[in-house]
Amino acid sequence: ISLVATISGVTCAVLMPFIGAIVDYSTRRWEATAGTMALLVSTNLIQCFLSKGTWFPLTVIQGTLGGGAYMAHQVCLFAYIPELSRDPADVPNIMTSTKIYETVAILGFFVLGLGLPLAILTGCGPDNEVTGAVIGQVIVVMIGAPLSALGISMMRKRPALHKLAPGENLATIGILQVGRTFGTLRSKYPNLLGFFAGYTLWESATGAVTTITGQYVIEQLTGLSFTFVAVPMILCVIPGAMMALYIAKKRLLTSKQSVIAATVLFTFSILMVAFFAHSPETATAIFPFVPFVGMANGWIYPAQRNLLFELIPGGSEAEMMGFFQFCSMILSWLPPLTFIVLGNALGGDLRWALMVVPILHTLGAVILFFACDVEQGKKDIANTLSLRHYGDEAESGGMSKMDDVELTNVMTSSNDPEESANAITSTDDRTASVSSF
């Protein structure tokens, strides 16, 4: 399990700059969104042919193409997020809603993916487990593909946010852009850079929680089904997301404090699991702490995106969201790999290998606390917010000043009718992307 996660993490980290370049430097953001989703659905379709003889190549496909397509698709989607509303107060609602919808979908899959095989198949054994896995993938494709197509059809094209300089190309500009973005952050937006530095660490831990705890339950707490751990964990994601929304709307904590509090809850929960549930005899001690892991997971995602939205400079949304996704992937391989290495070094005892998760959460929170002054960060971007696209501009039938500039630039600098058409199309109903989320 951890090996697949490591392979997927490395693949995603390599692909992110290229996908970010497509979003930033071309008019093909919508096409990239649709294409990555098609690839993701295709990798799930291939999993329907799982068998004893095909499991290894399908595992490699899932860890490389599947993982890469998933994260590339998120880069494309996240580039739309800052455009969804002009009012920052709307962002917590949007972020919480997306997390709740995602969780409901996961729970629905658990019900169908676990319940249907149990209803059809009789008895236990490797053959039935393989058949059950195939049924699960069929469900994913049959339900996920049409819903994804519907959502993407409601999104709109966007103009290129930047132009390639002479001698540059999409194949290499992504890597160069990572360096440029880092330089821009360091010189102009140091507080946003502090957020990204902390986020890189705590997100690598958050993203690995399910993978690592799954392997921990299976191998360390032998005899305990991970299903009984995963279901309450997922259920508690929803109250965690609702708690993040309540905290934001009531202003009980600042966005920064909310993120730090979520990492503290994560750290506490995993530490308690390691201390109290560390053998088959103590396996049931995991259950009191599972809900807190789920709540922390539901809390941290909307909280960190709310904080990021407060710090993103206008006109750089796709660039910064691409960097956000790059940071989420650049160390995603580290926790599962460390978990494997420490587990083997300790003779198969995974109790202390689990410590990689709270350590990374704590380090990320410390960096955020000391390196990110949110109020100063808001002042740093204040004069750029007029460059941001908003959904209500198109809804009112008007175009922003930035839209006029972009449209004029594209139409006067290009003889390509398709490019000019894309620029015009990009001013269509931007609020449609809300529905896709």
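Anything mentioned here points back to the structure above.
Since the structure is predicted, the reported quantities are computational estimates derived from the model, not experimental observations.

About the thresholds
- Residues numbered from 1 in each chain as written.
- Predicted model: local features only at pLDDT ≥ 70, side-chain atom pairs only at ≥ 80, totals over all residues.
- Heavy atoms only, no water.
- Axes fitted to C-alpha atoms, helices over the stretch in contact; angles between N-to-C directions.
- Helix = DSSP H or I, 4+ residues; strand = E, 2+ residues; numbered from the N terminus.
- Parallel < 35°, antiparallel > 145°, perpendicular 65-115°, else oblique.
- Contact = heavy atoms within 4.5 Å.
- Nonpolar A, V, L, I, M, F, W, Y, C, P; charged D, E, K, R; others polar.
- Buried < 20%, exposed > 50% of the residue type's maximum accessible area, 1.4 Å probe, protein only.
- Phe/Tyr/Trp six-rings, centres within 6.5 Å; stacked < 30°, edge-to-face > 60°.
- Lys NZ or Arg CZ within 6 Å of the ring centre and 35° of its normal.

J.: Tell me about the packing of helix α8 (residues 227–235) against helix α9 (residues 237–250), and please be specific about residues and values.
T.: A packed helix pair is summarised by two numbers, namely the angle formed by the two axes and the spacing between the axes. Close contact between α8 and α9 brings their axes to 4 Å; oriented N to C, the two are set at 25 degrees. It follows from the interaxial angle that α8 and α9 lie roughly parallel. The segment α8 lies against α9, with Met-233, Ile-234 and Leu-235 engaging Val-237, Ile-238 and Pro-239. Classifying every residue of the contact of α8 with α9 gives six nonpolar, no polar and no charged.

J.: Provide a residue-level description of the environment of Thr-59, including the pertinent values.
T.: Take Thr-59: it is sitting in helix α3 (residues 55–78). Here the alpha-carbon distance between Thr-59 and Gln-47, two residues 12 residues apart in the chain, equals 8.6 Å.

J.: Can you lay out the side chain of Gln-137 for me, pointing to particular residues and giving the numbers?
T.: Summarising the element assignment, Gln-137 is placed in helix α5 (residues 126–153). On the basis of relative accessibility, which here comes to 15%, the residue Gln-137 falls in the buried class.

J.: I'd like to hear about the packing of aromatic side chains, residue by residue, with values.
T.: Per the stated rule, a full pass over the model turns up 11 aromatic pairs. Aromatic side chains Trp-55 and Phe-56 sit 5.7 Å apart centroid to centroid with 85 degrees between the ring planes, which places their arrangement in the edge-to-face category. In this structure Trp-55 comes out as partly exposed when scored by relative accessible area, which is 49%. A centroid spacing of 5.9 Å and a plane angle of 80 degrees characterise the contact between Phe-195 and Trp-202, whose relative ring orientation is edge-to-face. A single burial state applies to Phe-195 and to Trp-202, both of which are buried. Taken together, Phe-195, Phe-196, Tyr-199, Trp-202, Phe-323, Phe-324 and Phe-326 form an aromatic cluster joined through their ring pairs. The cationic tip of Lys-256 hangs over the ring face of Phe-369; the distance from NZ or CZ to the ring centre is 5.4 Å.

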